[in-house]
Each structure stands twice: as C-alpha cells, then as structure tokens.
Amino acid sequence: MTEKHHAAHHGKKKVAGDKEWEPKIVGFLCNWCSYAGADLCGVSRFQYPTNIRLVRVMCSTRVSPHLVLDVFGAGADGILIGGCHLNDCHYMTGNFHTEKRVNLMERLLRVAGIDEARLRLEWVSASEGEKFSKVVKEFTEEMQKLGPSKVCTDDMVKAKVAAADDASETFRLKALVGKEFNLLTKGNAYGDKLDPEKLTGIIDAATEDEFERALILELARIRPMSVKQLGKVMDIPTDRILRHIVLLRQNSEIAMDHPEGFTPVYKTITIGGEQ
Amino acid sequence: MPENTSTEKEKPRIGVFICHCGSNIGGFVDVKAVTEYASTLPDVAYATDNLYTCAEDGLNNIKETIKEHNLDRIIVASCTPRTHAPLFQRTCEAAGVNKYMFTFVNLREHCSWVHMKEKEKATQKAKDLVRMGVARARFLEPQEETRVDVTPTALVVGGGVSGMTAALSLANMGFPVHLVEKDKELGGFVRSLHALMMTTKSANETIRPLIDKVNAHKNITQHLSSHVASVEGFIGNYDVSIGGDGAEPKEVKVGTIIVATGAVPLVPDGLFGYKEHPGIITSSEFEELCNKKELPRLKSVAFIQCAGARGQKVSYCSRICCNVAIKSAIHIAENRDNILGVTEEKAAEAGEAVEEPAAEKKAEEEGSERRRRRRGRGRQAEDGAGEEGAAPSSGVEVTVFNRDVMAYGVENELEFNKAREKRVKFVRYGPDNLPKVSVKDGKLEVGYFHETLKMERTMPVDMVILSTPLVAQPDAATLSQLLKVPLGQDGFFQEAHVKLRPVDFATDGVYVCGACRGPADIAESVSQAAGAASRASIPLANGFVQAEALTSVVDETKCTGCGTCVEVCPYSALRKNDEGISEVIAAACKGCGCCGATCPEGAITMTHYTDQQLLAEAKAALEEV
Ligand SMILES: Cc1cc2nc3c(=O)[nH]c(=O)nc-3n(C[C@H](O)[C@H](O)[C@H](O)COP(=O)(O)OP(=O)(O)OC[C@H]3O[C@@H](n4cnc5c(N)ncnc54)[C@H](O)[C@@H]3O)c2cc1C
Ligand code: SF4
Ligand code: SF4
C-alpha cells in the first residue's frame with residue numbers, strides 16, 4: 001500500500017497493466033439530493049473507495065456535455081453524475097434535461113471510442129446515503145476492470161474526445177438536445193408532440209455529422225491532411241469526408257493548403273487568430 | 001494598502017483553514033500534512049489548521065487572519081456546505097471579504113467519515129480535495145445580491161374556505177388582498193354540504209360567518225365570477241389581469257399569490273350502476289338531497305367507499321371520504337335534524353309501512369346483534385333515545401362497504417367508534433371483489449363477497465351512496481401554466497417539498513393551500529391556509545426580497561434570440577426583451593444552470609458556477625502529484 005502511495009507521489013506516467021494504477025473518478029453532484037445523499041452516507045459512516053472526487057453543482061442539469069467531455073479529455077477514467085430522482089428535482093424539470101444531455105454524452109463517447117460505461121448517471125436522494133456508497137463502490141470496481149482511459153496514451157482517442165467536445169458545443173446539437181424534453185412532452189410551437197424514435201434518429205444523425213466535422217477540424221489542426229488521409233484515419237468513406245469539407249470551407253473553418261502534387265490537403269483555420 | 005475586497009487582476013491571496021473537527025477529520029486524515037501541502041499550492045497566501053473552525057475562536061482566527069495577511073478569498077476545509085457555508089460566509093463578510101469569495105471543501109462527510117480505515121489514501125484524497133478547492137477559488141469573483149422591492153399586496157385565487165381564510169389572515173395583517181372567485185358567490189364546496197363532521201353546526205352555519213367577515217373586511221377586494229386571465233412578473237412584482245364575465249379585465253399589481261382553488265368530487269360514470277337508478281348517488285349528491293330535504297324514505301342504506309379511487313379511476317386515496325361516510329352514516333342512524341324526513345306523525349305511518357324485513361336482512365341483523373353483545377358493546381346509547389340532540393333512532397340499517405377505514409387521528413377514530421355504536425356496519429371488500437350494485441324488479445341490491453364467511457351475499461337496499469374521491473379542478477392546468485407552478489401526477493398542485501415546504505411552491509412568491517393540493521377536510525384546509533398566508537406575508541412585510549447571486553447572465557452580444565433558454569427555464573426567469581434578446585430576471589432566477597447548459601450559442605454564463613470554475617475544480621482532481 002505504501003508503495004502504491006509512493007508511486008502516486010512521484011507522478012509516474014501510468015499505463016494499462018501497471019499494478020500501481022488506480023482509477024480517477026470525478027463526480028458532479030446536485031446540491032439538493034445527491035450531494036446531500038453523499039453527506040448522509042458520511043454521517044452514517046458507509047465506507048466506499050477513495051477514488052472519487054466530488055464537485056458540487058446546484059442541479060445536475062448544469063452538467064453540460066462540454067463539462068463532461070472536457071474532463072474526460074483531461075484524463076478522467078470515470079465520471080459520475082448524481083441528481084435527484086425524476087419528479088423530485090429541486091428545480092422541477094432539471095433532471096429531465098439531464099437525462100437528455102446524458103444521452104447525447106453517451107452518443108458522443110460512443111463515436112469517440114470511449115466506453116460509455118465510463119459515464120454513469122444516478123439518481124440519489126438526500127435519504128439514500130447507503131445507495132450512494134454502493135453506487136461509488138460499484139462504479140469504482142467497474143472502472144478498475146475497464147482500466148485506464150486511453151485519452152492519455154492514445155493521441156487519436158484524445159483527438160476524438162476533443163472532437164466530441166467540440167461537437168457537443170455546436171448550435172445544432174445544443175439546440176436539438178436543449179429542446180428535446182420539451183418537444184417530447186409539450187410539443188413544438190404548433191403543439192405537435194414529436195415521435196421519440198424519430199427525434200432520436202435525427203439527433204443520432206446530427207451527432208455523427210457534427211462529430212465527424214469536428215474530428216476533421218481537430219486532425220487538420222494538428223497537420224494538414226488530404227481527403228484520402230482523413231478517410232483512412234477516421235475510417236469513413238471519402239465522399240463523406242468531401243461532403244464535410246465542402247461545408248467546412250463554406251463556413252471558413254478549413255482551408256486548402258499547399259497542394260502536394262495533385263492531392264490537395266486541408267488545414268483548420270481560426271478566424272480572428274483566436275486559438 | 002490594498003482593500004481586501006478589491007480583486008481586480010491582482011494576484012489572488014487565498015487563505016486555507018483546515019479543520020480537525022475534533023477527531024472527526026483529524027482521526028482519519030493527517031490534517032497537519034494536508035495543511036502543509038495546502039501552503040504549497042498556487043496563490044495560497046496562508047494555510048492553517050484548527051481544532052474546531054466553526055467555534056468562536058476558529059471564526060475569530062479567520063477574521064484576524066484575513067486582516068493580517070490581507071486575504072481576498074477563503075477556503076474552509078471541514079464539514080459540509082449544506083450546513084456550515086452560511087456561517088463561514090458571514091465570517092468572511094464581517095472581515096470585508098465578499099461571501100462569494102468563499103469556498104467550501106468537504107473533508108468530513110466526503111472523506112474522513114467514508115474512508116475511516118485507510119488514513120494514507122484518505123489523506124491523499126484530502127490533499128486533492130483542497131487542491132480542487134484552491135483551483136476553484138482562484139477563479140471566483142465577488143458578486144452582488146439583487147434586491148427588489150415588493151408590492152405589499154396579495155392575490156388569492158379561490159374563494160372557498162381555504163381562500164377566504166388565507167385572505168382574511170393577510171387582510172388582518174394589514175395587507176390589501178385581491179380575492180378572485182370564479183363562482184358568483186364565496187364559500188366553495190362547503191356551501192353545498194349539509195352537516196359537518198365533529199360539529200353540530202351545519203355547513204352553512206360554519207361557513208356563513210367566514211363569508212360575512214370577508215364581505216366586511218376593508219382590505220379585501222372581491223372579484224366574483226372572475227378568473228385570472230394573465231400573470232406577468234416575479235416575486236414582489238406581479239402584474240395580474242383579472243377577467244370577469246364579459247367585463248373589461250382589471251389590472252392589479254401584487255407581491256405574492258396564493259392558490260386555493262379547491263377540488264371537485266369525481267363523477268363515477270360507469271361505476272357501481274351510477275345513474276342507472278335514482279337511488280344510486282354520490283356522497284355530494286347525498287349532501288344536496290339532505291339540504292333540499294328531499295331524501296326518500298329509507299330503511300337500508302349502503303355506502304360504497306373508494307368508489308373510483310385507489311386503482312379504479314384514480315390511484316390515490318382521497319383521505320376524507322371515510323370520515324365523510326362515517327359522518328353521514330351517523331346522521332342517518334341518528335336521524336339527526338330529522339334528515340330522513342320522518343316526523344313524529346310520519347314515523348307512525350312508517351312503522352306500518354315496515355313490512356317483514358327481508359330474511360337476509362333479519363339474519364344479518366341478528367348476527368350483528370349477537371356479535372355486539374359478545375363484544376360487550378350493546379350499551380344504552382345504542383337505543384338511540386336519550387342522546388342529546390338526536391331524533392329517535394332511525395331504525396335504518398346502514399352498511400359501509402370499505403376496503404379499510406381511514407379514520408385517521410383521534411377525533412375521526414372516535415367518530416368511527418361512535419358509528420359502530422350506532423350499529424353502522426362496516427363490511428370490508430377486497431380490490432378484486434368490488435361490491436356489485438344491481439337493480440332487480442326496480443329494487444336495489446348490493447352483492448358482495450363476505451370475507452369471513454367466504455361467500456357471496458346480497459343485501460337489498462333503498463339507497464347506495466358512492467363515496468367518490470376528490471379530484472383536481474378540470475381547469476387547474478390553465479392556472480398552473482399562468483403561474484408557472486407544477487401539478488403533480490394526479491393533477492393537484494404540487495408543493496415545493498412534501499414535508500419541509502408543504503404550502504410553498506418551488507417558485508418564490510406563489511403559495512398553495514387546501515383541497516387544490518390534494519384532498520383535505522376543512523380543518524386541514526384552514527391550517528394550510530393560515531400557513532400559506534403566513535408564508536406569503538413574509539416578503540410583503542419585509543418589503544423587499546434579496547436573491548442569492550447564483551443566476552444566469554446572458555451575453556447579449558452572443559445571444560441570437562433563439563428562445564431555447566426561455567423554453568427550458570422552470571421559473572420563467574428568462575424573457576425576451578424588445579430587441580428579441582434574452583434577458584434574466586435575477587430575482588426570479590434560481591441558478592439551476594439549465595439555461596446555461598442549454599444555450600446553443602454559449603451566450604449564458606452561470607455566476608459562481610462558471611465553466612471555468614467547475615472545470616478548474618474537476619480537472620484539478622486529475623492532476624498527478
Ligand atoms: C361529499 C363531501 C363531504 C364533505 N364533508 C366534509 C365535512 O363534513 N367536514 C369537513 O371538514 N370537510 C368535508 N368535506 C371537505 C371540504 O369540502 C373541503 O375540505 C373544502 O371544501 C376545501 O376547501 P377549499 O377552499 O380548499 O376548496 P373548495 O371548497 O373547493 O373551494 C375552492 C374555490 O375556488 C374556486 N375556484 C376554483 N378554481 C378557480 C379558478 N381557476 N379561479 C377562481 N376561482 C376558482 C371554486 O369556485 C371554489 O369556490 C367534504 C367534501 C365532500 C366532497
Ligand atoms: S438560448 Fe442563448 S441564444 Fe437562445 S435566446 Fe437564450 S441566451 Fe439567447
Ligand atoms: S439558471 Fe435556471 S432558473 Fe435561472 S434563468 Fe437559467 S434556467 Fe432559469
């Protein structure tokens with residue numbers, strides 16, 4: 001045990017299979033239920049593994065995909081989001097939106113090649129202290145089994161998670177997911193409720209599109225790449241890449257760069273010089 | 001010398017106070033080591049440990065240190081912010097540090113108490129938690145809390161016993177009240193009742209004085225045959241438009257709003273033969289018949305409890321119906337106020353009219369007689385005669401078919417006993433064996449499964465009274481949308497917290513009482529109304545409300561006016577301004593962050609919970625040390 005501790009202190013870069021490795025888990029808990037549940041867990045002295053670090057937010061609805069994906073990008077092995085049970089949200093409908101947002105996060109993790117089990121949404125009430133300890137125990141064990149996140153060791157995974165993060169911030173995905181709950185429960189401006197399956201289909205397609213575009217930008221930022229190269233690295237047909245490139249060029253997000261021979265390469269540009 | 005409060009671009013000066021909490025933290029975490037570590041973190045100007053940070057000397061220590069070391073942000077690493085944040089925030093403010101420059105690190109509930117057997121790991125975690133706190137603290141900014149004035153006038157919607165009680169309470173405190181009632185008279189459902197439980201006063205005698213007081217009160221403006229047409233604004237500042245029958249809408253300004261719109265009894269269409277025979281009525285119709293003195297001659301009456309409730313048309317138990325049935329059963333059994341219309345002379349006639357009772361009934365009666373004697377209950381009171389105020393025993397057989405009797409509380413239990421003493425029979429039925437009401441040769445009978453005898457029986461009766469549950473007002477959804485307050489799954493208004501905030505809505509400034517928040521009897525409605533009035537009076541009496549500076553902020557240069565945030569805000573705290581750009585009503589915003597996580601343009605920042613602060617805190621957890 002002392003050894004393990006020692007290793008952590010010296011900040012050795014850890015790889016999968018390394019005995020010393022311990023999962024790093026971040027928990028975002030809502031103030032009113034889950035955080036209070038974690039408090040009660042403490043008051044009742046239910047023990048759980050030390051791996052988790054908790055961050056308090058007022059409502060689980062605050063946890064945007066960007067927060068989660070950015071923290072995954074920084075190397076978290078697992079992220080727990082804790083909220084009140086549905087219909088018990090302190091802010092009434094907050095956690096219904098959380099559910100929708102978590103769906104999007106899972107979609108994005110999937111396309112980024114991160115096991116979606118690394119993200120866990122749990123409803124823990126202020127009176128469920130024991131449940132909280134069980135959830136943390138279980139989740140930590142699961143992360144132990146999954147091993148370290150590849151973000152720190154695999155540059156492609158890192159780029160994909162960054163792309164997923166960028167995709168989550170696009171207008172289309174944010175607007176769709178922001179409106180999802182209301183569209184399904186209250187209907188659109190004309191009072192028509194949407195067919196959930198149809199909406200899921202629309203969001204799935206949009207997620208894939210936005211992710212691919214974000215990944216192109218991410219990769220072409222690191223070094224200029226041709227359509228063919230992008231298609232190969234991203235493992236998708238070149239006509240799809242081309243379609244994305246056309247759109248990205250229209251939006252002045254990408255530019256053609258030093259054509260090598262006959263093959264043009266593309267490079268991500270930043271408007272206003274902002275990095 | 002720089003001011004403590006000024007933080008402009010100066011390097012932050014963070015003070016960290018790490019608490020042993022006696023041995024609660026100190027026993028399981030090496031607090032000294034954590035303190036030492038804390039002092040090495042960026043921007044930490046001072047770090048110390050205390051035995052009890054929340055004790056007088058601990059707090060004084062914080063204040064003195066702020067002055068001495070010129071600290072501009074404070075971290076206390078101890079118990080939980082849910083109980084102790086306000087105390088430390090006040091301490092900071094007393095020493096001139098804005099309360100939003102305070103950060104709480106939870107080392108007790110989230111560390112020492114949950115890792116009691118692994119001191120080394122717990123100490124490492126404690127260091128990480130403090131590092132996360134420091135990372136967050138570096139990005140904090142002082143905030144000012146919004147203070148808005150409150151119009152010292154209230155609006156009460158619904159003029160039943162709840163609404164009238166609430167209006168009177170507020171009016172007696174000196175606040176002007178607008179009372180909106182959709183009916184042309186005040187009084188609500190109680191006006192249609194005959195007798196009331198646990199009192200010898202009739203419903204009318206009970207409600208009349210209340211109506212008179214409301215009529216006489218100079219602070220109460222009544223709006224009868226009216227409804228709330230529109231509501232704009234937020235706590236302290238509502239612009240309400242009250243629509244009347246064809247009349248021009250009246251505009252009033254109010255500071256707080258109480259919802260007291262009551263409930264209605266379920267119409268049991270399709271259940272227990274309702275409407276198939278004039279003798280099958282609901283308990284409310286029974287009250288009306290009593291009032292109109294139109295009860296037919298009765299020899300045998302059956303009540304059927306939970307008619308439409310508990311899994312039939314609605315899922316819940318309506319709470320009051322058992323007590324209402326007990327009340328009516330006693331009144332029938334006592335022939336109180338001569339409700340059966342059997343006057344002295346008529347009684348003689350009636351006596352003649354009593355032919356041989358059905359054999360079934362006779363057997364029943366004997367059976368129950370025997371049982372009563374066995375239980376030693378056959379006392380004088382049962383003779384009916386000699387009871388004060390009661391007409392001679394009606395001689396009517398009263399049976400209450402029930403799933404179980406919800407005579408909750410001491411008084412109701414006593415009434416239940418009294419009913420049994422009056423020979424009212426309580427016969428249980430199971431949810432899979434509902435009593436069957438049928439009409440045979442124009443006569444009513446109730447078929448039921450005798451749970452003890454385990455056999456089907458039938459009972460001829462003259463009247464079947466269906467105890468139907470109270471259900472939500474059909475137009476509750478309209479009001480709920482106008483006020484932006486929620487309805488529960490059964491359509492009743494839903495309070496902020498079933499135990500801790502029973503008469504508040506989650507939205508500040510709107511309160512609820514009486515049967516509109518779920519079935520309640522008069523006494524319960526009155527206590528809730530008094531509670532709601534008291535809650536509603538607090539902002540009115542203060543004259544202002546101060547909102548925590550945990551709100552959303554819209555960057556108007558980024559907002560495109562898409563309106564998504566307006567749609568998702570559960571408190572209507574966002575609206576579009578004249579330019580079509582979203583703006584926040586700080587006093588109404590609760591800081592949940594939903595709009596912030598939603599805005600497709602990234603135009604919304606959450607004060608005190610910015611992305612920058614949260615990400616700094618979360619990512620600090622991942623650092624290798
Ligand atoms: C058959 C029966 C017998 C009962 N017997 C007893 C008894 O013996 N003892 C007892 O304590 N309780 C009894 N109760 C319960 C009692 O009726 C309720 O406790 C009481 O009516 C609740 O008062 P309230 O003011 O909350 O609602 P209500 O009496 O329903 O009053 C609500 C008022 O709001 C008005 N309103 C509704 N919607 C709007 C709107 N949108 N805008 C403006 N105004 C609106 C309505 O017109 C009504 O005047 C009985 C109930 C029933 C059904
Ligand atoms: S969601 Fe964002 S862009 Fe849309 S109206 Fe609100 S603040 Fe403006
Ligand atoms: S933070 Fe919550 S309450 Fe405030 S405006 Fe946004 S959605 Fe509404």
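Keep in mind that what you see is a predicted model, and the values were worked out from it rather than measured. (Residues numbered from 1 in each chain as written. Chains lettered and ligands numbered in written order. Predicted model: local features only at pLDDT ≥ 70, side-chain atom pairs only at ≥ 80, totals over all residues. Heavy atoms only, no water.)

### Concerning the side chain of N412 of chain B
Residues and elements named next belong to chain B.
- Looking at the element boundaries, N412 is found in helix α12 (residues 410–421).
- A polar side-chain atom of N412 sits 2.8 Å from the main-chain carbonyl oxygen of Y408.
- Look past the residues within four positions of N412 in its chain and what remains in contact with it is M198, N323 and A407. (Helix = DSSP H or I, 4+ residues; strand = E, 2+ residues; numbered from the N terminus. Polar contact = N/O pair within 3.5 Å; in protein donor to acceptor, adjacent residues only side chain to side chain. Contact = heavy atoms within 4.5 Å.)

### Considerations on the site of ligand 1
Residue and element names in this part refer to chain B.
- Not every one of the 35 residues close to ligand 1 is listed here, only the nearest: S162, E181, K327, A520 and I522.
- Between ligand 1 and the protein, one listed contact pairs an oxygen atom with a backbone N or O atom of F189 at 2.8 Å.
- Taken by itself ligand 1 offers 990 Å² of open surface, and the protein chains cover 94% of this.
- Looking at the shell around ligand 1, the element that brings in the most residues is helix α8 (residues 283–291), giving three residues.
- Inspection of the shell around ligand 1 shows a minimum of three residues originating in each of domain 2 (154–262 + 473–546) and domain 3 (267–469). (Near = heavy atom within 4 Å. Areas by Shrake-Rupley, 256 points an atom, 1.4 Å probe, with all protein chains shown as cover. Domains from an automatic or database assignment.)

### Section: the sheet that holds strand β3 (residues 73–78) of chain B
Residues and elements named next belong to chain B.
- Strand order in the open sheet made by the four strands is β2-β1-β3-β4, with parallel pairing throughout. Both outer strands of the open sheet, β2 (44–50) and β4 (102–106), are each paired with one neighbouring strand and no more. For this sheet, the mean inter-axis angle between neighbouring strands, taken without regard to orientation, is 15 degrees.
- Two strands pair when backbone bridges link them, and β3 and β4 are joined in this way by five bridges, in the parallel orientation. Following the sheet pairing, I74 is matched in β4 by F102.
- Of the strands in this sheet, β3 and β4 touch helix α3 (residues 81–94), which is tilted by about 145 degrees from β4. (Pairing = 2+ DSSP bridges. Axes fitted to C-alpha atoms, helices over the stretch in contact; angles between N-to-C directions.)

### Side note on the site of ligand 3
- C569, C589, C592, G593 and C595 of chain B are the nearest of the 14 residues found near ligand 3.
- Here the shell around ligand 3 is built from residues that sort into 10 nonpolar, three polar and one charged. (Nonpolar A, V, L, I, M, F, W, Y, C, P; charged D, E, K, R; others polar.)

### Brief notes about the packing of aromatic side chains
All names here are of chain B.
- Following the criterion strictly, the structure yields 12 aromatic pairs over all chains and no others.
- With a centroid separation of 4.8 Å and 85 degrees between ring planes, the pair formed by F416 and F426 is classed as edge-to-face. Residue F416 is located in helix α12, and its partner F426 is located in strand β17 (residues 425–428); the two are separated by 10 residues in the primary sequence.
- For F426, a relative accessible area of 21% puts it in the partly exposed group.
- Between the aromatic rings of F493 and F505, the centroid separation amounts to 5.9 Å while the plane-to-plane angle is 75 degrees, which identifies the pairing as edge-to-face. Linking F493 in the loop between α13 (476–483) and β23 (510–512) with F505 in the loop between α13 and β23, this pair joins segments that are 12 residues apart in sequence. (Phe/Tyr/Trp six-rings, centres within 6.5 Å; stacked < 30°, edge-to-face > 60°. Buried < 20%, exposed > 50% of the residue type's maximum accessible area, 1.4 Å probe, protein only.)

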